[in-house]
Amino acid sequence: MLDARSADPRDDVMTFLADHVTNGDLTREDALMDANLLLLGGHETTANVITLGTMALLENPDQLARITSGEVTVTNAIEELLRITSVTHSNAIRLALEDIEVGGRTIPAGDGFIAAVSAANWDESIFPNPEVLDVGRPEARQHMAFGYGVHQCLGQALARMELEVVIEAVFDVIPSLRSAQPIEQLRFKDDSAFYGVHEFPVTW
């Protein structure tokens, strides 16, 4: 596609990247990496939260009822679904520049460490009973699904909008939606940087 847009420019992001390759601002390899990151970060993550979130709500009909009855807003429910699904399994590899204390242990300056970012979404000191889906959880917005600080996801506003529209529409249009296969028989993406399922058959 990058080559095609170089030959036939259009008003799209691939043409934008192709232009930067042509004028020397980007290498072809960097442009391809950027395009791949946009595809994975902008599509696969949201698709996986939609799938896992739908599955979680079907597995917890009492929580789904809180949304469909209007007791809990879809907006708040989305934050809890982002927290509990934790689809992004990339870890932060860091070097301690000075002695720091984490969880009562000191990491000395010069030591490397790996921060499992998605594990923060299940931190009991922030989220009581983290394994329980609670769509009305008041602290749900404190999740790390989109990262933190300067490393926050640039597309989080779009992702939230997509999730809210889809979750609201699915159960409005198909209120009798249910899983067509037991959860334990589904194939989960355990070996992927983005957690999800390979397929989720449903019926109604």
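Residues numbered from 1 in each chain as written. Predicted model: local features only at pLDDT ≥ 70, side-chain atom pairs only at ≥ 80, totals over all residues. Heavy atoms only, no water.

(A) Seen up close, the packing of aromatic side chains. Per the counting criterion, the structure on display carries 1 aromatic pair. Here Phe 188 and Tyr 195 contribute two aromatic rings whose centre-to-centre distance is 5.9 Å and whose plane-to-plane angle is 15°, an arrangement assigned as stacked. For the cation-ring pair, Arg 83 lies above Trp 122, with the distance from its terminal atom to the ring centre recorded as 5.9 Å. Between the NZ or CZ atom of Arg 83 and the centre of the ring of Phe 127, over which it lies, the distance is 5.3 Å. (Phe/Tyr/Trp six-rings, centres within 6.5 Å; stacked < 30°, edge-to-face > 60°. Lys NZ or Arg CZ within 6 Å of the ring centre and 35° of its normal.)

(B) Main features of the packing of helix 3 (residues 28-59) against helix 6 (residues 156-173). At a closest axis distance of 10 Å, the pairing of helix 3 and helix 6 adopts a crossing angle of 40°. Put simply, helix 3 runs oblique to helix 6. The handedness of the crossing between helix 3 and helix 6 comes out as right-handed. Counted together, Thr 46, Val 49, Ile 50, Thr 54, Leu 57 and Leu 58 of helix 3 and Ala 159, Glu 162, Leu 163, Val 166, Ile 167 and Phe 171 of helix 6 form the full contact between these two elements. By residue class, the composition of the contact of helix 3 with helix 6 is 9 nonpolar, 2 polar and 1 charged. (Axes fitted to C-alpha atoms, helices over the stretch in contact; angles between N-to-C directions. Helix = DSSP H or I, 4+ residues; strand = E, 2+ residues; numbered from the N terminus. Parallel < 35°, antiparallel > 145°, perpendicular 65-115°, else oblique. Left-handed = near helix turned anticlockwise from the far one by under 90°. Contact = heavy atoms within 4.5 Å. Nonpolar A, V, L, I, M, F, W, Y, C, P; charged D, E, K, R; others polar.)

(C) Looking closely at the side chain of Gln 63. Summarising the element assignment, Gln 63 is placed in helix 4 (residues 61-68). A polar side-chain atom of Gln 63 sits 3.1 Å from a polar atom in the side chain of Arg 66. Within the structure, Gln 63 has its side chain in polar contact with the backbone nitrogen of Val 135 (distance 2.9 Å). Beyond its immediate sequence surroundings of up to four residues, Gln 63 is in contact with Leu 133, Asp 134 and Val 135. (Polar contact = N/O pair within 3.5 Å; in protein donor to acceptor, adjacent residues only side chain to side chain.)

(D) Just the environment of Met 1, in detail. One can find Met 1 in the segment before helix 1 (2-7). On a C-alpha basis, the gap between Met 1 and Lys 189 in space is 27 Å, while along the polypeptide they are 188 residues apart.

(E) Just the side chain of Thr 46, in detail. Mapped onto the elements, Thr 46 comes out in helix 3. Relative accessible area serves as the criterion here: at 8%, Thr 46 is assigned to the buried category. For Thr 46, the residues in contact, after removing those within four places along its chain, are Ala 159, Glu 162 and Leu 163. (Buried < 20%, exposed > 50% of the residue type's maximum accessible area, 1.4 Å probe, protein only.)

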